[in-house]
Amino acid sequence: ADISIGDTICSPLKPEALPFVKIEDPTISINFSVNDGPFAGQEGKFVTSRHLRDRLYRELNTDVSLRVEDTDTTETFKVSGRGELHLSILIETMRREGYEFLVSKPEVLFKEIDGKKCEPMEQVIIDVPEEFVGNVIEKLGSRKGEMTNMTPSANGGYTRVEFSIPSRGLIGYKNELLTDTKGNGIMNTIFDGYQPYKGDIPTRSMGSLVAFESGEAVAYGLFNAQDRGDLFITAGTKVYTGMIVGRNSRADDLDVNVCKKKQLTNMRSSSADEALKLTPPIVMSLEQSLEFISEDEYVEVTPTSIRMRKKVLDPGLRRKIRIHG
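In this text the structure is predicted, and so the values were computed from the model without any measurement.

**Student:** Please clarify how unusual backbone geometry should be interpreted in this entry.
**Tutor:** Apart from glycine, the bulk of residues carry a negative phi angle, and the bulk of peptide bonds sit in the trans form. Non-glycine residue Asp114 carries a positive phi angle of around 55 degrees. Of note in the backbone geometry, Lys182 takes a positive phi value of approximately 55 degrees without being a glycine. The residue Lys182 is located in the loop between α4 (173–180) and β10 (186–196) in this model.

Okay, structure coming up:
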(Lines give C-alpha, C1' and ligand atoms only; values in the text may rest on other atoms or scores of the structure.)
Protein backbone atom coordinates (compact mmCIF):
# COMPACT_ATOMS: atom_id res chain seq x y z
CA ALA A 1 0.00 0.00 0.00
CA ASP A 2 2.91 2.39 0.58
CA ILE A 3 4.41 1.88 -2.90
CA SER A 4 4.00 4.77 -5.31
CA ILE A 5 4.75 5.32 -8.99
CA GLY A 6 8.48 5.61 -9.60
CA ASP A 7 9.55 3.38 -6.70
CA THR A 8 11.83 0.43 -7.47
CA ILE A 9 11.00 -3.06 -6.18
CA CYS A 10 14.17 -5.09 -5.70
CA SER A 11 15.94 -7.60 -3.49
CA PRO A 12 16.68 -6.27 0.01
CA LEU A 13 20.11 -7.90 -0.35
CA LYS A 14 20.99 -5.57 -3.22
CA PRO A 15 18.84 -2.42 -3.12
CA GLU A 16 19.50 -0.47 -6.31
CA ALA A 17 16.97 2.11 -7.41
CA LEU A 18 16.28 2.66 -11.09
CA PRO A 19 16.53 6.30 -12.20
CA PHE A 20 13.17 8.05 -11.94
CA VAL A 21 11.69 9.25 -15.20
CA LYS A 22 11.01 12.99 -14.91
CA ILE A 23 7.33 13.83 -14.95
CA GLU A 24 6.52 17.06 -16.75
CA ASP A 25 5.02 19.77 -14.57
CA PRO A 26 1.34 20.70 -15.01
CA THR A 27 0.62 23.56 -17.39
CA ILE A 28 -3.09 24.28 -16.80
CA SER A 29 -5.29 24.39 -13.69
CA ILE A 30 -9.04 24.26 -13.10
CA ASN A 31 -10.95 24.78 -9.86
CA PHE A 32 -13.35 21.96 -8.96
CA SER A 33 -16.13 23.12 -6.60
CA VAL A 34 -19.19 21.67 -4.91
CA ASN A 35 -22.32 22.39 -6.93
CA ASP A 36 -24.30 25.08 -5.07
CA GLY A 37 -26.87 25.76 -7.80
CA PRO A 38 -30.66 25.29 -7.63
CA PHE A 39 -30.42 21.86 -9.27
CA ALA A 40 -27.70 20.60 -6.89
CA GLY A 41 -28.12 16.98 -5.89
CA GLN A 42 -30.90 16.23 -8.39
CA GLU A 43 -28.82 14.34 -10.93
CA GLY A 44 -25.60 13.26 -9.21
CA LYS A 45 -24.86 10.48 -6.75
CA PHE A 46 -21.72 12.01 -5.21
CA VAL A 47 -22.24 15.70 -4.47
CA THR A 48 -20.52 16.67 -1.18
CA SER A 49 -17.10 18.23 -0.68
CA ARG A 50 -15.91 15.02 1.00
CA HIS A 51 -16.95 12.97 -2.04
CA LEU A 52 -15.18 15.43 -4.34
CA ARG A 53 -12.00 15.62 -2.27
CA ASP A 54 -11.67 11.85 -1.82
CA ARG A 55 -12.15 11.20 -5.53
CA LEU A 56 -9.63 13.84 -6.65
CA TYR A 57 -6.93 12.69 -4.23
CA ARG A 58 -7.58 9.07 -5.20
CA GLU A 59 -6.81 9.99 -8.81
CA LEU A 60 -3.25 10.90 -7.70
CA ASN A 61 -2.56 7.19 -7.11
CA THR A 62 -2.63 6.46 -10.82
CA ASP A 63 -2.07 9.83 -12.53
CA VAL A 64 1.49 11.00 -11.92
CA SER A 65 1.19 14.29 -13.80
CA LEU A 66 -1.87 15.50 -11.89
CA ARG A 67 -1.71 17.87 -8.90
CA VAL A 68 -4.52 18.48 -6.40
CA GLU A 69 -4.41 21.27 -3.82
CA ASP A 70 -6.79 22.37 -1.10
CA THR A 71 -7.81 26.03 -1.27
CA ASP A 72 -8.85 28.51 1.42
CA THR A 73 -12.36 27.07 1.25
CA THR A 74 -13.36 23.46 1.88
CA GLU A 75 -15.74 23.59 -1.08
CA THR A 76 -13.11 24.17 -3.80
CA PHE A 77 -10.00 22.27 -4.95
CA LYS A 78 -7.35 23.41 -7.43
CA VAL A 79 -6.55 20.66 -9.93
CA SER A 80 -3.57 21.09 -12.26
CA GLY A 81 -2.73 18.89 -15.22
CA ARG A 82 -0.96 18.53 -18.54
CA GLY A 83 -3.30 20.51 -20.74
CA GLU A 84 -7.01 20.89 -21.29
CA LEU A 85 -7.48 17.36 -22.67
CA HIS A 86 -5.88 15.81 -19.57
CA LEU A 87 -8.29 17.63 -17.26
CA SER A 88 -11.38 17.23 -19.46
CA ILE A 89 -10.84 13.43 -19.48
CA LEU A 90 -10.84 13.50 -15.65
CA ILE A 91 -14.02 15.62 -15.62
CA GLU A 92 -15.76 13.28 -18.07
CA THR A 93 -14.67 10.19 -16.12
CA MET A 94 -15.99 11.61 -12.85
CA ARG A 95 -19.37 12.60 -14.28
CA ARG A 96 -19.81 9.08 -15.68
CA GLU A 97 -19.05 7.71 -12.22
CA GLY A 98 -21.94 9.74 -10.78
CA TYR A 99 -20.16 12.87 -9.52
CA GLU A 100 -21.72 16.31 -9.69
CA PHE A 101 -19.63 19.49 -9.39
CA LEU A 102 -18.68 22.89 -10.83
CA VAL A 103 -15.52 23.67 -12.81
CA SER A 104 -14.00 27.07 -13.52
CA LYS A 105 -12.39 28.43 -16.66
CA PRO A 106 -8.98 26.77 -17.30
CA GLU A 107 -6.01 28.92 -16.28
CA VAL A 108 -2.46 28.62 -17.59
CA LEU A 109 0.29 28.19 -14.99
CA PHE A 110 2.89 30.87 -15.71
CA LYS A 111 6.47 30.88 -14.45
CA GLU A 112 8.93 33.68 -13.86
CA ILE A 113 12.27 32.84 -15.47
CA ASP A 114 15.17 35.35 -15.34
CA GLY A 115 12.73 38.05 -14.32
CA LYS A 116 10.45 37.44 -17.32
CA LYS A 117 6.89 36.14 -17.35
CA CYS A 118 7.04 32.82 -19.21
CA GLU A 119 4.32 30.44 -20.33
CA PRO A 120 4.17 26.74 -21.25
CA MET A 121 4.52 25.96 -24.96
CA GLU A 122 3.37 22.98 -26.99
CA GLN A 123 4.72 21.44 -30.15
CA VAL A 124 1.66 20.64 -32.27
CA ILE A 125 1.69 18.19 -35.19
CA ILE A 126 -1.43 18.14 -37.35
CA ASP A 127 -2.13 15.87 -40.32
CA VAL A 128 -4.83 17.48 -42.42
CA PRO A 129 -6.29 17.09 -45.95
CA GLU A 130 -4.65 19.56 -48.32
CA GLU A 131 -7.81 21.61 -48.91
CA PHE A 132 -8.05 22.48 -45.20
CA VAL A 133 -4.42 23.50 -44.60
CA GLY A 134 -5.25 27.21 -44.95
CA ASN A 135 -7.95 27.00 -42.27
CA VAL A 136 -5.58 25.33 -39.80
CA ILE A 137 -2.77 27.82 -40.41
CA GLU A 138 -5.14 30.78 -40.03
CA LYS A 139 -6.74 29.53 -36.81
CA LEU A 140 -3.48 28.56 -35.09
CA GLY A 141 -1.89 31.84 -36.21
CA SER A 142 -4.68 33.78 -34.47
CA ARG A 143 -3.94 31.74 -31.32
CA LYS A 144 -0.27 32.88 -31.32
CA GLY A 145 0.97 29.70 -33.02
CA GLU A 146 4.14 29.85 -35.16
CA MET A 147 4.48 27.33 -37.98
CA THR A 148 7.82 25.51 -37.80
CA ASN A 149 7.42 22.94 -40.59
CA MET A 150 5.10 21.80 -43.37
CA THR A 151 5.60 18.57 -45.31
CA PRO A 152 3.52 16.04 -47.27
CA SER A 153 2.11 13.45 -44.86
CA ALA A 154 2.56 9.70 -45.17
CA ASN A 155 -1.21 9.58 -45.70
CA GLY A 156 -1.98 10.26 -49.35
CA GLY A 157 -3.59 13.66 -49.92
CA TYR A 158 -2.69 14.88 -46.42
CA THR A 159 -0.26 17.57 -45.35
CA ARG A 160 1.60 17.61 -42.02
CA VAL A 161 1.93 21.04 -40.38
CA GLU A 162 3.94 21.64 -37.22
CA PHE A 163 3.49 24.59 -34.88
CA SER A 164 4.95 25.99 -31.70
CA ILE A 165 2.04 27.43 -29.73
CA PRO A 166 1.26 28.53 -26.15
CA SER A 167 -0.69 25.93 -24.17
CA ARG A 168 -3.49 28.46 -23.65
CA GLY A 169 -3.84 28.76 -27.42
CA LEU A 170 -4.99 25.14 -27.60
CA ILE A 171 -7.87 25.53 -25.14
CA GLY A 172 -11.00 24.67 -27.10
CA TYR A 173 -9.14 24.16 -30.39
CA LYS A 174 -9.75 20.42 -30.72
CA ASN A 175 -13.44 20.84 -31.62
CA GLU A 176 -12.62 23.77 -33.90
CA LEU A 177 -10.12 21.59 -35.78
CA LEU A 178 -12.69 18.84 -36.30
CA THR A 179 -15.20 21.41 -37.59
CA ASP A 180 -12.69 23.12 -39.92
CA THR A 181 -11.50 19.80 -41.38
CA LYS A 182 -14.89 18.00 -41.47
CA GLY A 183 -13.59 15.52 -38.91
CA ASN A 184 -10.45 14.60 -40.88
CA GLY A 185 -7.79 16.53 -38.89
CA ILE A 186 -5.47 14.51 -36.64
CA MET A 187 -3.65 16.43 -33.89
CA ASN A 188 -0.84 15.42 -31.54
CA THR A 189 0.87 17.67 -29.00
CA ILE A 190 3.95 17.47 -26.80
CA PHE A 191 5.19 19.83 -24.09
CA ASP A 192 7.90 22.12 -25.45
CA GLY A 193 9.21 24.00 -22.42
CA TYR A 194 8.60 27.57 -21.32
CA GLN A 195 9.05 30.71 -23.40
CA PRO A 196 8.42 34.42 -22.73
CA TYR A 197 4.74 35.41 -22.75
CA LYS A 198 3.49 35.65 -26.34
CA GLY A 199 0.88 38.34 -25.77
CA ASP A 200 -2.88 38.37 -25.49
CA ILE A 201 -4.92 35.87 -27.47
CA PRO A 202 -8.34 37.14 -28.60
CA THR A 203 -11.06 35.56 -26.47
CA ARG A 204 -14.74 35.30 -27.22
CA SER A 205 -16.28 38.44 -28.68
CA MET A 206 -19.81 37.53 -27.58
CA GLY A 207 -21.43 37.83 -24.18
CA SER A 208 -23.81 35.38 -22.52
CA LEU A 209 -27.59 35.19 -22.69
CA VAL A 210 -28.54 34.57 -19.06
CA ALA A 211 -31.87 33.23 -17.82
CA PHE A 212 -33.71 35.89 -15.83
CA GLU A 213 -36.07 33.54 -14.00
CA SER A 214 -36.38 29.87 -13.10
CA GLY A 215 -38.81 27.51 -14.78
CA GLU A 216 -39.21 25.64 -18.04
CA ALA A 217 -38.18 27.20 -21.35
CA VAL A 218 -41.11 27.69 -23.73
CA ALA A 219 -41.21 28.35 -27.48
CA TYR A 220 -42.58 31.89 -27.08
CA GLY A 221 -39.78 32.94 -24.73
CA LEU A 222 -37.09 31.25 -26.84
CA PHE A 223 -38.45 32.89 -30.00
CA ASN A 224 -38.04 36.34 -28.43
CA ALA A 225 -34.58 35.46 -27.06
CA GLN A 226 -33.16 34.08 -30.32
CA ASP A 227 -33.28 37.56 -31.88
CA ARG A 228 -30.51 38.47 -29.42
CA GLY A 229 -28.11 35.66 -30.32
CA ASP A 230 -27.65 31.89 -30.53
CA LEU A 231 -29.42 29.59 -28.08
CA PHE A 232 -27.98 26.55 -26.27
CA ILE A 233 -31.32 25.08 -25.11
CA THR A 234 -34.65 23.87 -26.52
CA ALA A 235 -38.25 24.27 -25.42
CA GLY A 236 -38.94 22.12 -22.37
CA THR A 237 -35.45 22.58 -20.88
CA LYS A 238 -35.52 23.34 -17.16
CA VAL A 239 -33.58 26.53 -16.39
CA TYR A 240 -32.78 28.60 -13.32
CA THR A 241 -31.93 32.24 -12.68
CA GLY A 242 -28.30 32.84 -13.64
CA MET A 243 -28.05 29.86 -16.02
CA ILE A 244 -26.47 30.61 -19.41
CA VAL A 245 -28.95 29.73 -22.16
CA GLY A 246 -27.14 31.16 -25.19
CA ARG A 247 -24.53 33.56 -26.49
CA ASN A 248 -25.28 37.20 -27.14
CA SER A 249 -24.53 38.64 -30.57
CA ARG A 250 -22.90 41.55 -28.71
CA ALA A 251 -19.97 41.58 -26.30
CA ASP A 252 -21.94 42.22 -23.10
CA ASP A 253 -24.13 39.83 -21.13
CA LEU A 254 -27.89 40.07 -21.47
CA ASP A 255 -30.66 38.78 -19.18
CA VAL A 256 -33.46 37.06 -21.11
CA ASN A 257 -36.72 35.45 -20.03
CA VAL A 258 -36.95 32.13 -21.89
CA CYS A 259 -39.82 31.04 -19.63
CA LYS A 260 -42.06 33.90 -20.79
CA LYS A 261 -45.41 32.65 -22.06
CA LYS A 262 -47.75 34.43 -24.42
CA GLN A 263 -50.29 36.52 -22.51
CA LEU A 264 -53.80 35.15 -22.64
CA THR A 265 -55.07 38.58 -23.62
CA ASN A 266 -53.02 38.49 -26.83
CA MET A 267 -55.35 37.79 -29.74
CA ARG A 268 -53.33 35.71 -32.18
CA SER A 269 -54.50 33.32 -34.84
CA SER A 270 -53.44 29.68 -34.80
CA SER A 271 -51.50 30.28 -38.02
CA ALA A 272 -49.49 33.01 -36.26
CA ASP A 273 -48.58 30.59 -33.45
CA GLU A 274 -47.39 28.03 -35.95
CA ALA A 275 -45.16 30.65 -37.52
CA LEU A 276 -42.89 30.71 -34.44
CA LYS A 277 -39.83 29.19 -36.08
CA LEU A 278 -37.08 28.31 -33.63
CA THR A 279 -33.50 28.04 -34.85
CA PRO A 280 -31.94 24.71 -33.79
CA PRO A 281 -29.82 25.27 -30.64
CA ILE A 282 -26.05 24.91 -30.46
CA VAL A 283 -25.22 21.80 -28.43
CA MET A 284 -22.10 22.65 -26.41
CA SER A 285 -19.65 19.87 -25.55
CA LEU A 286 -17.61 19.88 -22.35
CA GLU A 287 -14.52 21.23 -24.16
CA GLN A 288 -16.55 23.92 -25.94
CA SER A 289 -18.15 24.95 -22.65
CA LEU A 290 -14.75 25.22 -20.93
CA GLU A 291 -13.51 27.47 -23.72
CA PHE A 292 -16.68 29.58 -23.82
CA ILE A 293 -17.04 30.52 -20.15
CA SER A 294 -15.38 33.64 -18.76
CA GLU A 295 -13.81 34.21 -15.35
CA ASP A 296 -17.17 34.96 -13.71
CA GLU A 297 -18.82 31.76 -14.96
CA TYR A 298 -18.85 28.02 -14.19
CA VAL A 299 -19.53 24.83 -16.08
CA GLU A 300 -21.97 22.71 -14.07
CA VAL A 301 -21.16 19.03 -14.61
CA THR A 302 -23.56 16.21 -13.68
CA PRO A 303 -23.96 12.60 -14.88
CA THR A 304 -26.75 13.67 -17.25
CA SER A 305 -26.12 17.35 -18.03
CA ILE A 306 -23.50 19.94 -18.89
CA ARG A 307 -24.74 23.45 -18.15
CA MET A 308 -23.08 26.84 -17.95
CA ARG A 309 -23.97 29.42 -15.32
CA LYS A 310 -22.85 32.64 -13.70
CA LYS A 311 -20.87 32.33 -10.48
CA VAL A 312 -23.25 34.91 -8.97
CA LEU A 313 -26.75 33.78 -9.93
CA ASP A 314 -28.73 36.81 -8.73
CA PRO A 315 -28.95 39.42 -11.56
CA GLY A 316 -29.28 42.35 -9.14
CA LEU A 317 -26.15 41.32 -7.24
CA ARG A 318 -24.24 40.82 -10.51
CA ARG A 319 -25.22 44.34 -11.55
CA LYS A 320 -23.93 45.78 -8.26
CA ILE A 321 -20.64 43.91 -8.63
CA ARG A 322 -20.28 45.21 -12.20
CA ILE A 323 -20.92 48.80 -11.14
CA HIS A 324 -19.04 48.92 -7.83
CA GLY A 325 -16.46 46.17 -8.44
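**Student:** Can you help me understand the pattern of salt bridges in this one?
**Tutor:** Side chains that differ in sign of charge can pair as their charged atoms come close. On inspection of all chains with the given rule, the structure shows 23 salt bridges. For Arg168, the salt bridge goes to Glu119, with nearest N and O atoms at 2.4 Å. Residue Arg168 is located in the loop between β9 (158–166) and α4, and its partner Glu119 is located in strand β7 (residues 116–129); the two are separated by 49 residues in the primary sequence. For the residue pair Arg168 and Glu119, the accessibility class agrees, reading buried in each case.

**Student:** Help me out: how do you make sense of the nonpolar core in this one?
**Tutor:** Soluble globular proteins tend to bury their nonpolar side chains together. Of all hydrophobic cores here, the largest spans 45 residues; its most connected members are Phe32, Leu56, Ile91, Phe101, Val103, Ile233 and Val258. Ranked by residues supplied to this core, first place goes to helix α2 (residues 84–96) with four residues. When near neighbours in sequence (up to four residues on either side) are disregarded, Ile91 contacts Ile30, Phe32, Phe101, Val103, Leu286, Leu290 and Val301. Formed by 13 residues, the second largest nonpolar core is a distinct cluster that contains Val128, Val161, Ile165 and Leu177.

**Student:** Is there a simple way to think about the packing of helix α3 (residues 133–142) against α4 in this case?
**Tutor:** Any two packed helices are characterised by how steeply their axes cross, that is the angle between the axes, and by the distance between the axes. Two numbers describe how α3 lies on α4: the axes approach to 10 Å, and their chain directions differ by 155 degrees. When the axis of α3 is compared with that of α4, the two are roughly antiparallel. Where α3 crosses over α4, the handedness of that crossing is right-handed. Contact with α3, carried on its side by Asn135, Val136, Lys139 and Leu140, involves Tyr173, Glu176, Leu177 and Asp180 of α4 and no other residues of that element.

**Student:** Before we go on, may I ask you to explain the packing of aromatic side chains in this structure?
**Tutor:** Aromatic rings in a pair are described by how distant their centres are and how their planes are angled relative to each other. Summed over all chains, the structure comprises six aromatic pairs. Ring centres 5.7 Å apart and planes at 70 degrees place the aromatic pair Phe110 and Tyr197 in the edge-to-face group. One end of the pair, Phe110, is in the loop between β5 (107–108) and β6 (111–113); the other, Tyr197, is in the loop between β10 and β11 (208–211), with 87 residues separating them in the sequence. Consider the rings of Phe232 and Phe292, whose centres lie 5.6 Å apart with planes at 90 degrees: the pair is edge-to-face. Of this pair, Phe232 sits in the loop between β13 (229–231) and β14 (238–239) while Phe292 sits in helix α7 (residues 286–292), placing them 60 residues apart in sequence. When its relative accessible area of 13% is taken as the criterion, Phe232 is described as buried. Here Lys117 stacks its cationic end above the ring of Phe110, 4.4 Å away from the centre of that ring. Of note, Lys117 hangs over the ring of Tyr197, and the distance from its end group to the ring centre comes to 4.4 Å.

**Student:** Would you take a moment to explain the pairing of strand β15 (residues 243–248) for this structure?
**Tutor:** Where a strand is regular, its side chains alternate between the two sheet faces. Among the six residues of β15, five are classified as buried, and the element is accordingly described as predominantly covered. Judged from the two bridges that link them, β15 and strand β18 (residues 306–310) form a sheet pairing that is antiparallel. Considered in β18, the bridge of Met243 is made with Arg309.

**Student:** Please clarify how helix α1 (residues 49–59) should be interpreted in this entry.
**Tutor:** Counting along an α-helix, one turn takes 3.6 residues, and residues three or four places apart therefore face a common direction. For α1, the set of buried residues is Leu52, Arg55, Leu56 and Glu59. For α1, the arc enclosing every buried residue in end-on projection is 95 degrees, short of the 170-degree limit, so these residues lie on one face.

**Student:** What am I meant to see in the side chain of Glu100 here?
**Tutor:** When you line up the elements, Glu100 lands in the loop between α2 and β4 (101–103). Look at Glu100: it is buried, it has no salt bridge, and the nearest opposite charge is Arg307 at 6.6 Å. Here the side chain of Glu100 touches Gly41 through a polar contact of 2.7 Å, landing on its backbone nitrogen. Of note is the side chain of Glu100, whose polar atom sits 2.7 Å from the backbone nitrogen of Gly44. In contact with Glu100, other than residues within four places in its own chain, are Asn35, Phe39, Ala40, Gly41, Gln42, Glu43, Gly44, Phe46, Val47, Val301 and Thr302.

**Student:** Is there a simple way to explain the side chain of Ser104 in this structure?
**Tutor:** Along the polypeptide, Ser104 turns up in the loop between β4 and β5. At a separation of 3.0 Å, a polar atom in the side chain of Ser104 contacts the main-chain amide nitrogen of Asn31. Other than its neighbours up to four places away in sequence, Ser104 contacts Ile30, Asn31, Leu290, Ile293, Glu297 and Tyr298.

**Student:** Sorry, what's going on with the packing of α1 against α2 here?
**Tutor:** The geometry of α1 relative to α2 is characterised by a closest axis approach of 12 Å and an angle of 130 degrees between their N-to-C directions. It follows from the interaxial angle that α1 and α2 lie oblique. Our pair here, α1 against α2, has a crossing hand that is right-handed. Contacts between α1 and α2 involve Leu52, Arg55, Leu56 and Glu59 on the former and, on the latter, Leu90, Thr93 and Met94. Across the contact of α1 with α2, the residue classes break down as four nonpolar, one polar and two charged.

**Student:** What am I meant to see in the environment of Asn248 here?
**Tutor:** Checked against the element boundaries, Asn248 lands in strand β15. Using a relative accessible area of 5% as the deciding quantity, one classes Asn248 as buried. Distance from Asn248 to Ile201, taken between C-alpha atoms, is 20 Å for residues 47 residues apart in sequence. Ignoring anything within four residues of it in the chain, the contact list for Asn248 reads Met206, Gly207, Ser208, Leu209, Arg228, Gly229, Asp253 and Leu254. Among the polar contacts listed, one links the side chain of Asn248 to the backbone oxygen of Asp252, at a separation of 2.7 Å.

Calculation notes
- Residues numbered from 1 in each chain as written.
- Predicted model: local features only at pLDDT ≥ 70, side-chain atom pairs only at ≥ 80, totals over all residues.
- Heavy atoms only, no water.
- Helix = DSSP H or I, 4+ residues; strand = E, 2+ residues; numbered from the N terminus.
- Salt bridge = Lys/Arg side-chain N within 4 Å of Asp/Glu carboxyl O.
- Buried < 20%, exposed > 50% of the residue type's maximum accessible area, 1.4 Å probe, protein only.
- Core = buried A, V, L, I, M, F, W, Y, C linked by side-chain atoms within 4.5 Å.
- Contact = heavy atoms within 4.5 Å.
- Axes fitted to C-alpha atoms, helices over the stretch in contact; angles between N-to-C directions.
- Parallel < 35°, antiparallel > 145°, perpendicular 65-115°, else oblique.
- Left-handed = near helix turned anticlockwise from the far one by under 90°.
- Phe/Tyr/Trp six-rings, centres within 6.5 Å; stacked < 30°, edge-to-face > 60°.
- Lys NZ or Arg CZ within 6 Å of the ring centre and 35° of its normal.
- Pairing = 2+ DSSP bridges.
- Arc of directions from axis to C-beta.
- Lys, Arg positive; Asp, Glu negative; His and termini not counted.
- Polar contact = N/O pair within 3.5 Å; in protein donor to acceptor, adjacent residues only side chain to side chain.
- Nonpolar A, V, L, I, M, F, W, Y, C, P; charged D, E, K, R; others polar.

Function cannot be inferred from these measures alone, as they are strictly geometric.
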